[in-house]
Amino acid sequence: MPYEKITPEIIEKLKAVVGPKNVVTDADAMQPYSHDEVTDPAYHRMPEAVVFAETAEEVSAVLKLANDFHFPVVPRGAGTGLACGAVPEYGGIVLSLEKMNKILEINTEGLYAVVEPGVRTSDLQDAAEQQDLFYAGDPCSGDSCFIGGNIATNAGGNRAVKYGTTRHQVYSVEVVNPKGRIVTLGARLQKQSTGYSLEQLIIGSEGTLGIITKATLKLVPKPKYALDLLAIFDDRRKAMGVVTKLIKAGITPTCVEFMDNITIKSVEKYLNETLQGSDNGNYIIVEVEGTNEDDLDDKAVILDEICTENGASSVLVADHNKIWQARKAFAEAVRAESLIVCKEDVVVPVDQEALLLDEILRLSQKYNLITRIASHAGDGNIHLNILKGDDDTYEAWDERVKANQQELYAFIYAHGGRLSGEHGIGYKRKALMKEFTDPGELEMMMDIKQALDPNNILNPGKIFDIDEKA
Ligand SMILES: O=C(O)CC[C@@H](O)C(=O)O
Ligand SMILES: [Zn+2]
């Protein structure tokens, strides 16, 4: 890629924009910005400088410099991604938004929040709760990830069954577009038919079309009554088979999550706690909200019946904090087992998900893979983690992982699915994106990128490589 190196002249100009303390070139200080949560060092890349922005105007000036001098700008939130979307594959600068971390407004009349991109998701959840309100976005990394990154990647998480993904929480975003113009896209409206929904184009574009500098997000009244049920199944295929039945019951659960037994054991070890049914159980965790205690009880009875009729050995009311601590510890528990992990994030229509699990189990046997499986089962989204075993070489493992991927993705696309449900493409999955995406669809994405970012300076090489355009 013919980009300019970050010269001392460029460093001086960057310092003039954001102040000397906000430009870092020391290798040790830059090291944490060379990767996200992908632990395999093969995917780490050092930036040439890390720049911290404190205002939209600074972001704008940095992007104008990038166009003038032709260097890449890689926007970064908390760095909790799993697709290398914030990793500077082609060098240049990492532009961190972590200092733009203010909750600007929680509006209890209009039910919305205005936040800067570096606000931690859990901080927004807590701030809303203090006003008896609720921010529905809830990625598993909520204690560390930022709202800006949630929007840029259209983070999914645990409550999408009822509330949708991040895109459904967003009224509007202020972005700096690749040419450096500050613009607000979308509006605080329940409806509008006023041209393209550009805010929706930004959401999930992984920082390739604009840098989010402010967002107006939906809040809802805090649900007064909620309950977590834990259904334990001896057979994991039966556990997954119950999901469509739970959805069809018309109760609109907030969450329907799945964990298989070996994963429960892994989490148990990591947390050093005993988890219910961990001897040979597989979990379906269902959270429901109700208007009052009776409503909640009625829903619980229905869910209990469905699970029991479909093979659950027990259905328990779970301790909310404990069960969610276990579910949210999935990624960390796997990381504690192995730093070399392939994380599949496949998604199919919910009614195809039991078939997908069958296929995953078949392929895991065929390719002799060590797996851990957790799933946002209510969304059809399965996280298949494939661990490298101690007595495997990287090359032998990688070869089997790739063969598995080919068969798995062929199955997924044949069943109306996609290769990523929520973690995104970044640069980690772009070769597979190219292989499995309809060329016409990919061409439209590239056309949009080229129109908005003609110099290809904003997060280049993410989702696709523009110079590979046919
Ligand atoms: O590490 C993973 O594969 C999944 C991480 C996260 O999306 C989750 O749902 O736990
Ligand atoms: Zn997830």
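Remember, it's a predicted structure, so these values are computed and weren't measured experimentally.

Turning our eyes to something else, we now look at the sheet that holds strand β18 (residues 381-387). Strand order in the open sheet made by the seven strands is β15-β12-β14-β13-β17-β18-β16, with antiparallel pairing throughout. Looking at the sheet topology across the chains shown, the edges are occupied by β15 (312-317) and β16 (341-347). Averaged over neighbouring strand pairs, the angle between their axes works out to 15 degrees when direction is ignored. Pairing geometry for strand β12 (residues 225-233) and strand β14 (residues 282-290), over nine bridges, is antiparallel. Within β14, the position partnered with Asp 228 by the bridge is Glu 287. Contacting β12, β13 (255-259), β14, β17 (370-376) and β18, helix α12 (residues 320-328) crosses the sheet at an angle of about 130 degrees to β14.

Attention now moves to the site of ligand 1. What surrounds ligand 1 is the set Cys 140, Arg 327, Phe 330, Ala 331, Lys 343, His 376, His 383, Asn 385, Glu 422 and His 423. At 2.8 Å from an oxygen atom of ligand 1 is found a side-chain nitrogen or oxygen belonging to Arg 327. Between Lys 343 and ligand 1, the recorded distance is 2.6 Å, taken from a side-chain N or O atom to an oxygen atom. Starting from 290 Å² of accessible surface for ligand 1 in isolation, the protein chains cover 93%. Where the shell around ligand 1 is concerned, the elements lending two or more residues are α13 (330-337) and β18. Partitioning the shell around ligand 1 into residue classes produces three nonpolar, four polar and three charged.

Taken together, the buried positions of helix α1 (residues 8-18) are Ile 10, Ile 11, Leu 14 and Val 18. Viewed end-on, α1 has its buried residues packed into an arc of 100 degrees, placing them on one side of the element. Turned more than 90 degrees from where α1 packs its buried face, Pro 8 and Ala 16 sit exposed. Buried residues along α1 sit against β1 (23-24), β2 (49-52), α3 (56-69) and β4 (93-96).

The rules we used
- Residues numbered from 1 in each chain as written.
- Chains lettered and ligands numbered in written order.
- Predicted model: local features only at pLDDT ≥ 70, side-chain atom pairs only at ≥ 80, totals over all residues.
- Heavy atoms only, no water.
- Pairing = 2+ DSSP bridges.
- Helix = DSSP H or I, 4+ residues; strand = E, 2+ residues; numbered from the N terminus.
- Axes fitted to C-alpha atoms, helices over the stretch in contact; angles between N-to-C directions.
- Contact = heavy atoms within 4.5 Å.
- Near = heavy atom within 4 Å.
- Polar contact = N/O pair within 3.5 Å; in protein donor to acceptor, adjacent residues only side chain to side chain.
- Areas by Shrake-Rupley, 256 points an atom, 1.4 Å probe, with all protein chains shown as cover.
- Nonpolar A, V, L, I, M, F, W, Y, C, P; charged D, E, K, R; others polar.
- Buried < 20%, exposed > 50% of the residue type's maximum accessible area, 1.4 Å probe, protein only.
- Arc of directions from axis to C-beta.

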